[in-house]
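# Descriptive analysis of the structure
Listed here are the chains, written in short residue letters.
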Amino acid sequence: MPQFNDILQQISQQARCCFGQGKVANYIPALADVPAEQFSIAIHTVDGQTFSAGDAHATFSIQSVSKALTLTLAMQHHGDEIWRRVGKEPSGTAFNSLAQLEFETGIPRNPFINAGALVVCDALVSRVSAPVFNMLETARLLSANDKVVINKKVADSEYQHRHRNAAMAHLMKSFNNFDNDVDTVLRAYFSYCAIEMSSIELAKTFSYLANQGVCVQSGRQMLSAKQTQQVNSLLFTSGLYDAAGDFAFRVGIPAKSGVGGGIIGIVPGKFTVCVWSPELNEFGNSVAGLYALELLAEKLHISML
(Lines give C-alpha, C1' and ligand atoms only; values in the text may rest on other atoms or scores of the structure.)
Protein backbone atom coordinates (compact mmCIF):
# COMPACT_ATOMS: atom_id res chain seq x y z
CA MET A 1 0.00 0.00 0.00
CA PRO A 2 2.08 2.94 -1.25
CA GLN A 3 -0.65 5.21 0.14
CA PHE A 4 0.45 4.35 3.67
CA ASN A 5 4.09 5.08 2.91
CA ASP A 6 3.31 8.50 1.45
CA ILE A 7 0.88 9.46 4.23
CA LEU A 8 3.23 8.41 7.03
CA GLN A 9 6.10 10.35 5.53
CA GLN A 10 3.87 13.44 5.31
CA ILE A 11 2.73 13.03 8.89
CA SER A 12 6.30 12.56 10.11
CA GLN A 13 7.25 15.89 8.59
CA GLN A 14 4.14 17.73 9.79
CA ALA A 15 4.29 16.41 13.36
CA ARG A 16 7.74 17.89 13.92
CA CYS A 17 6.15 21.32 14.09
CA CYS A 18 5.06 20.28 17.61
CA PHE A 19 8.61 20.06 18.91
CA GLY A 20 9.09 22.43 21.83
CA GLN A 21 5.40 22.52 22.77
CA GLY A 22 5.64 19.93 25.56
CA LYS A 23 8.02 18.62 28.18
CA VAL A 24 9.77 15.28 28.58
CA ALA A 25 8.59 13.43 31.72
CA ASN A 26 10.95 14.36 34.54
CA TYR A 27 9.25 12.90 37.62
CA ILE A 28 11.02 9.65 36.68
CA PRO A 29 14.68 10.74 36.50
CA ALA A 30 15.68 8.01 34.04
CA LEU A 31 13.11 9.33 31.53
CA ALA A 32 14.25 12.93 31.84
CA ASP A 33 17.43 12.16 29.89
CA VAL A 34 15.60 11.13 26.70
CA PRO A 35 16.35 13.56 23.81
CA ALA A 36 13.16 15.49 23.15
CA GLU A 37 13.10 16.09 19.41
CA GLN A 38 12.29 12.62 18.15
CA PHE A 39 9.24 11.28 16.35
CA SER A 40 8.12 8.00 14.84
CA ILE A 41 4.98 6.44 13.45
CA ALA A 42 4.31 2.83 12.43
CA ILE A 43 1.30 0.93 11.12
CA HIS A 44 0.88 -2.84 11.19
CA THR A 45 -2.04 -4.23 9.19
CA VAL A 46 -4.13 -7.31 9.97
CA ASP A 47 -2.66 -8.98 6.88
CA GLY A 48 0.85 -8.57 8.27
CA GLN A 49 2.22 -5.53 6.43
CA THR A 50 4.26 -2.88 8.22
CA PHE A 51 4.73 0.76 7.24
CA SER A 52 6.71 3.37 9.15
CA ALA A 53 8.32 6.81 9.08
CA GLY A 54 10.61 8.86 11.29
CA ASP A 55 12.66 7.29 14.08
CA ALA A 56 10.65 4.08 13.86
CA HIS A 57 13.48 1.77 14.93
CA ALA A 58 14.40 3.83 18.01
CA THR A 59 13.37 2.09 21.23
CA PHE A 60 11.72 3.76 24.20
CA SER A 61 10.14 2.91 27.53
CA ILE A 62 6.53 1.89 26.84
CA GLN A 63 5.34 2.93 30.32
CA SER A 64 1.52 2.89 30.65
CA VAL A 65 1.01 1.42 27.18
CA SER A 66 1.93 -1.80 29.00
CA LYS A 67 -1.34 -1.58 30.95
CA ALA A 68 -3.28 -2.85 27.93
CA LEU A 69 -1.09 -5.94 27.79
CA THR A 70 -1.24 -6.50 31.56
CA LEU A 71 -5.04 -6.36 31.36
CA THR A 72 -4.99 -8.86 28.50
CA LEU A 73 -2.96 -11.37 30.51
CA ALA A 74 -5.11 -10.85 33.62
CA MET A 75 -8.25 -11.48 31.55
CA GLN A 76 -6.69 -14.71 30.28
CA HIS A 77 -6.18 -15.93 33.86
CA HIS A 78 -9.23 -14.46 35.62
CA GLY A 79 -11.89 -13.95 32.94
CA ASP A 80 -14.84 -11.85 34.09
CA GLU A 81 -13.74 -12.16 37.74
CA ILE A 82 -11.33 -9.27 37.19
CA TRP A 83 -14.26 -6.84 36.91
CA ARG A 84 -15.21 -7.43 40.53
CA ARG A 85 -12.02 -5.60 41.51
CA VAL A 86 -11.81 -2.80 38.93
CA GLY A 87 -14.43 -0.69 37.18
CA LYS A 88 -15.13 0.14 33.55
CA GLU A 89 -15.84 3.87 33.77
CA PRO A 90 -13.76 6.92 32.76
CA SER A 91 -12.13 8.50 35.79
CA GLY A 92 -12.27 12.20 34.93
CA THR A 93 -9.27 12.67 37.21
CA ALA A 94 -5.50 12.47 36.89
CA PHE A 95 -4.02 9.01 36.29
CA ASN A 96 -2.38 8.97 39.73
CA SER A 97 -5.27 10.40 41.78
CA LEU A 98 -5.84 9.09 45.31
CA ALA A 99 -8.98 11.08 46.14
CA GLN A 100 -11.34 9.12 43.91
CA LEU A 101 -9.96 5.82 45.17
CA GLU A 102 -10.71 6.75 48.78
CA PHE A 103 -14.22 7.95 47.94
CA GLU A 104 -15.05 4.76 46.02
CA THR A 105 -13.81 2.38 48.74
CA GLY A 106 -10.75 1.03 47.00
CA ILE A 107 -12.30 0.04 43.66
CA PRO A 108 -10.46 1.87 40.84
CA ARG A 109 -12.59 3.38 38.10
CA ASN A 110 -10.86 1.53 35.24
CA PRO A 111 -7.79 -0.63 34.48
CA PHE A 112 -5.78 2.19 32.88
CA ILE A 113 -5.43 4.66 35.71
CA ASN A 114 -2.53 3.73 37.98
CA ALA A 115 -4.68 2.31 40.78
CA GLY A 116 -6.58 0.13 38.32
CA ALA A 117 -3.39 -1.09 36.68
CA LEU A 118 -1.96 -1.97 40.10
CA VAL A 119 -5.03 -4.07 40.94
CA VAL A 120 -4.77 -5.82 37.57
CA CYS A 121 -1.07 -6.43 38.17
CA ASP A 122 -1.87 -7.79 41.65
CA ALA A 123 -4.38 -10.19 40.11
CA LEU A 124 -1.77 -11.34 37.59
CA VAL A 125 0.86 -11.88 40.29
CA SER A 126 -1.65 -14.11 42.12
CA ARG A 127 -1.99 -16.48 39.15
CA VAL A 128 1.42 -16.40 37.40
CA SER A 129 4.49 -17.85 39.09
CA ALA A 130 7.02 -15.66 37.25
CA PRO A 131 4.99 -12.59 36.23
CA VAL A 132 7.87 -10.42 34.96
CA PHE A 133 9.38 -13.23 32.88
CA ASN A 134 5.92 -14.12 31.58
CA MET A 135 5.21 -10.55 30.51
CA LEU A 136 8.59 -10.18 28.82
CA GLU A 137 8.21 -13.44 26.93
CA THR A 138 4.71 -12.40 25.83
CA ALA A 139 6.03 -9.05 24.58
CA ARG A 140 8.76 -10.85 22.65
CA LEU A 141 6.27 -13.24 21.08
CA LEU A 142 3.75 -10.59 20.06
CA SER A 143 6.37 -8.19 18.70
CA ALA A 144 8.22 -10.98 16.86
CA ASN A 145 11.47 -9.83 18.47
CA ASP A 146 13.15 -12.08 21.04
CA LYS A 147 15.59 -9.26 21.86
CA VAL A 148 13.00 -7.06 23.63
CA VAL A 149 14.32 -6.14 27.09
CA ILE A 150 13.36 -4.40 30.31
CA ASN A 151 15.37 -1.26 31.03
CA LYS A 152 16.52 -1.96 34.57
CA LYS A 153 17.67 1.63 35.10
CA VAL A 154 14.16 2.92 34.33
CA ALA A 155 12.48 0.24 36.45
CA ASP A 156 14.76 0.99 39.40
CA SER A 157 14.23 4.74 39.00
CA GLU A 158 10.47 4.26 39.10
CA TYR A 159 10.73 2.02 42.14
CA GLN A 160 12.81 4.63 43.99
CA HIS A 161 9.98 7.12 43.37
CA ARG A 162 7.22 4.61 44.12
CA HIS A 163 5.61 6.33 47.09
CA ARG A 164 2.40 7.57 45.46
CA ASN A 165 1.78 4.23 43.75
CA ALA A 166 2.59 2.45 47.01
CA ALA A 167 0.07 4.67 48.78
CA MET A 168 -2.62 3.60 46.29
CA ALA A 169 -1.78 -0.06 46.79
CA HIS A 170 -1.87 0.21 50.58
CA LEU A 171 -5.15 2.14 50.43
CA MET A 172 -6.69 -0.62 48.29
CA LYS A 173 -5.27 -3.22 50.68
CA SER A 174 -7.09 -1.46 53.51
CA PHE A 175 -10.31 -2.04 51.53
CA ASN A 176 -9.40 -5.72 50.93
CA ASN A 177 -8.82 -5.16 47.22
CA PHE A 178 -5.13 -6.04 47.11
CA ASP A 179 -3.88 -9.56 47.83
CA ASN A 180 -0.11 -9.68 47.46
CA ASP A 181 2.89 -7.99 49.01
CA VAL A 182 2.83 -4.38 47.82
CA ASP A 183 6.53 -4.20 46.98
CA THR A 184 6.38 -7.44 44.98
CA VAL A 185 3.55 -6.08 42.85
CA LEU A 186 5.23 -2.69 42.43
CA ARG A 187 8.44 -4.35 41.23
CA ALA A 188 6.45 -6.24 38.58
CA TYR A 189 4.43 -3.16 37.62
CA PHE A 190 7.50 -0.99 37.12
CA SER A 191 9.22 -3.76 35.15
CA TYR A 192 6.26 -3.87 32.76
CA CYS A 193 6.41 -0.10 32.33
CA ALA A 194 10.17 -0.26 31.66
CA ILE A 195 9.88 -2.64 28.70
CA GLU A 196 11.59 -1.02 25.73
CA MET A 197 10.24 -1.28 22.20
CA SER A 198 10.21 0.66 18.96
CA SER A 199 7.07 1.99 17.32
CA ILE A 200 7.19 -0.86 14.82
CA GLU A 201 7.39 -3.44 17.61
CA LEU A 202 4.54 -1.88 19.58
CA ALA A 203 2.30 -1.73 16.51
CA LYS A 204 2.95 -5.45 16.03
CA THR A 205 2.49 -6.27 19.72
CA PHE A 206 -1.10 -5.02 19.79
CA SER A 207 -2.11 -6.48 16.42
CA TYR A 208 -4.49 -8.84 18.23
CA LEU A 209 -6.69 -5.90 19.25
CA ALA A 210 -7.32 -5.15 15.57
CA ASN A 211 -7.70 -8.82 14.67
CA GLN A 212 -10.48 -10.18 16.93
CA GLY A 213 -7.99 -11.23 19.59
CA VAL A 214 -5.57 -13.14 17.36
CA CYS A 215 -1.93 -12.04 17.15
CA VAL A 216 -1.05 -11.44 13.49
CA GLN A 217 2.58 -12.53 13.93
CA SER A 218 2.23 -15.71 15.99
CA GLY A 219 -1.38 -16.70 15.35
CA ARG A 220 -1.91 -16.97 19.12
CA GLN A 221 -5.42 -16.28 20.41
CA MET A 222 -4.81 -13.65 23.11
CA LEU A 223 -8.45 -12.81 23.78
CA SER A 224 -11.83 -13.91 22.53
CA ALA A 225 -13.56 -11.67 20.01
CA LYS A 226 -15.90 -10.44 22.76
CA GLN A 227 -13.03 -9.71 25.16
CA THR A 228 -11.21 -7.85 22.40
CA GLN A 229 -14.25 -5.65 21.87
CA GLN A 230 -14.40 -5.02 25.62
CA VAL A 231 -10.74 -3.97 25.83
CA ASN A 232 -11.10 -1.71 22.81
CA SER A 233 -14.17 -0.09 24.35
CA LEU A 234 -12.23 0.67 27.53
CA LEU A 235 -9.31 2.03 25.51
CA PHE A 236 -11.75 4.30 23.69
CA THR A 237 -13.26 5.71 26.88
CA SER A 238 -10.28 5.66 29.24
CA GLY A 239 -7.01 5.04 27.40
CA LEU A 240 -5.85 8.65 27.53
CA TYR A 241 -6.94 9.33 31.10
CA ASP A 242 -8.88 12.56 31.61
CA ALA A 243 -8.06 13.62 28.03
CA ALA A 244 -9.85 10.58 26.58
CA GLY A 245 -12.97 12.53 25.67
CA ASP A 246 -11.07 15.12 23.68
CA PHE A 247 -9.14 12.37 21.88
CA ALA A 248 -12.35 10.51 21.05
CA PHE A 249 -13.77 13.77 19.68
CA ARG A 250 -10.71 14.55 17.54
CA VAL A 251 -9.55 11.08 16.45
CA GLY A 252 -12.23 8.55 17.38
CA ILE A 253 -10.29 5.29 17.85
CA PRO A 254 -9.29 3.18 20.87
CA ALA A 255 -5.86 4.22 22.13
CA LYS A 256 -3.44 3.95 25.06
CA SER A 257 -0.72 6.43 25.94
CA GLY A 258 2.35 6.29 28.14
CA VAL A 259 4.58 8.96 29.67
CA GLY A 260 7.49 7.58 27.64
CA GLY A 261 5.83 9.39 24.72
CA GLY A 262 4.28 6.38 22.99
CA ILE A 263 0.63 6.00 21.98
CA ILE A 264 -0.93 2.92 20.42
CA GLY A 265 -4.15 3.19 18.41
CA ILE A 266 -6.47 0.48 17.16
CA VAL A 267 -8.54 0.45 13.97
CA PRO A 268 -10.45 -2.86 14.34
CA GLY A 269 -10.32 -5.08 11.28
CA LYS A 270 -7.68 -2.92 9.63
CA PHE A 271 -4.51 -2.04 11.54
CA THR A 272 -2.75 -0.94 14.68
CA VAL A 273 -0.74 2.27 14.78
CA CYS A 274 1.95 3.45 17.16
CA VAL A 275 3.27 7.00 17.41
CA TRP A 276 6.09 8.17 19.62
CA SER A 277 7.54 11.53 20.59
CA PRO A 278 8.83 12.18 24.13
CA GLU A 279 7.45 15.67 24.80
CA LEU A 280 4.18 15.50 26.77
CA ASN A 281 1.26 17.84 27.37
CA GLU A 282 -0.25 18.59 30.79
CA PHE A 283 -2.21 15.30 30.72
CA GLY A 284 0.89 13.16 30.17
CA ASN A 285 0.21 12.48 26.47
CA SER A 286 2.65 13.00 23.61
CA VAL A 287 2.04 16.36 21.92
CA ALA A 288 3.40 15.37 18.51
CA GLY A 289 1.89 11.90 18.83
CA LEU A 290 -1.62 13.25 19.38
CA TYR A 291 -1.26 15.60 16.44
CA ALA A 292 0.01 12.77 14.24
CA LEU A 293 -2.96 10.55 15.07
CA GLU A 294 -5.35 13.39 14.35
CA LEU A 295 -3.68 13.87 10.96
CA LEU A 296 -3.85 10.13 10.28
CA ALA A 297 -7.56 10.02 11.09
CA GLU A 298 -8.21 12.91 8.73
CA LYS A 299 -6.13 11.52 5.87
CA LEU A 300 -7.48 7.96 6.10
CA HIS A 301 -11.02 8.86 7.25
CA ILE A 302 -10.82 6.43 10.16
CA SER A 303 -13.11 6.44 13.18
CA MET A 304 -15.00 3.99 15.36
CA LEU A 305 -18.13 6.07 14.92
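Our structure is the block above this text.
Below: a short report on this structure.

Procedures and definitions
- Residues numbered from 1 in each chain as written.
- Predicted model: local features only at pLDDT ≥ 70, side-chain atom pairs only at ≥ 80, totals over all residues.
- Heavy atoms only, no water.
- Helix = DSSP H or I, 4+ residues; strand = E, 2+ residues; numbered from the N terminus.
- Buried < 20%, exposed > 50% of the residue type's maximum accessible area, 1.4 Å probe, protein only.
- Contact = heavy atoms within 4.5 Å.
- Polar contact = N/O pair within 3.5 Å; in protein donor to acceptor, adjacent residues only side chain to side chain.
- Pairing = 2+ DSSP bridges.
- Core = buried A, V, L, I, M, F, W, Y, C linked by side-chain atoms within 4.5 Å.
- Phe/Tyr/Trp six-rings, centres within 6.5 Å; stacked < 30°, edge-to-face > 60°.
- Lys NZ or Arg CZ within 6 Å of the ring centre and 35° of its normal.
- 1 Å grid on protein atoms, 1.4 Å probe; cavity = no way out; pocket = protein on both sides within 12 Å on 5 of 7 lines; lining within 4 Å.
- Points joined across faces, edges and corners; volume = space filled by probe spheres on them.
- Nonpolar A, V, L, I, M, F, W, Y, C, P; charged D, E, K, R; others polar.

Positionally, Ser 207 belongs in the loop between α10 (199-205) and α11 (225-238). Judged by its relative accessible area of 2%, Ser 207 falls in the buried class. In this structure the C-alpha to C-alpha distance between Ser 207 and Leu 142, which are 65 residues apart in sequence, comes to 8.0 Å. Discounting residues that sit within four places of it in the chain, Ser 207 has contacts with His 44, Val 214, Cys 215, Val 216, Gln 217 and Thr 272. Within polar-contact distance, the side chain of Ser 207 engages the side chain of Gln 217 at 3.4 Å.

Here the focus is the pairing of strand β9 (residues 271-276). Across a regular strand the side chains alternate sides, sitting on one face of the sheet and then on the other. A large share of β9 lies buried, amounting to 6 of its 6 residues. Burial along β9 is two-sided: the residues Phe 271, Val 273 and Val 275 and Thr 272, Cys 274 and Trp 276 are all buried. In this antiparallel pair of consecutive strands, strand β8 (residues 262-267) and β9, the connection spans 3 residues, and Gly 269 shows a positive phi of 80°.

What follows is about the nonpolar core. Core analysis: the biggest nonpolar cluster contains 65 residues, and Leu 71, Leu 202, Phe 206, Tyr 208 and Leu 209 have the highest contact counts within it. For this core, the element with the highest residue contribution is helix α5 (residues 114-127), accounting for 9 residues. When residues no more than four places from it in sequence are discounted, the contact partners of Phe 206 are Val 65, Ala 68, Leu 69, Ile 264, Ile 266 and Thr 272. Counting residues in hydrophobic clusters, the runner-up holds 33 residues, among them Phe 247, Ile 253, Val 267 and Val 273.

Right, let's get into the packing of aromatic side chains. Counting across every chain of the model gives 5 aromatic pairs. Pairing Phe 60 with Trp 276 gives two aromatic rings, centres 4.8 Å apart and planes at 5°, and the pair type is stacked. One end of the pair, Phe 60, is in strand β4 (residues 60-61); the other, Trp 276, is in strand β9, and 216 residues separate them in sequence. With a relative accessible area of 1%, Trp 276 lands in the buried category. An aromatic cluster is built from Phe 4, Phe 51 and Phe 271, whose rings are joined through pairwise contacts. For Arg 162, the ring lying beneath its charged end belongs to Tyr 159, and the centroid distance is 4.1 Å. Between the NZ or CZ atom of Arg 187 and the centre of the ring of Tyr 159, over which it lies, the distance is 3.5 Å.

Regions of empty space are outlined by a rolling probe, equal in size to a water molecule, passed over the atoms. Considering only enclosed or pocket space, the second largest pocket measures out at about 220 Å³ in volume. Lining of the second largest pocket is provided by 14 residues; of these, Ala 243, Asp 246, Arg 250, Asn 281 and Leu 290 occupy positions nearest its centre. At the level of elements, α12 (244-250) and α13 (287-300) are the ones that each hand at least two residues to the lining of the second largest pocket. For the lining of the second largest pocket, the residue count by class is 8 nonpolar, 2 polar and 4 charged.

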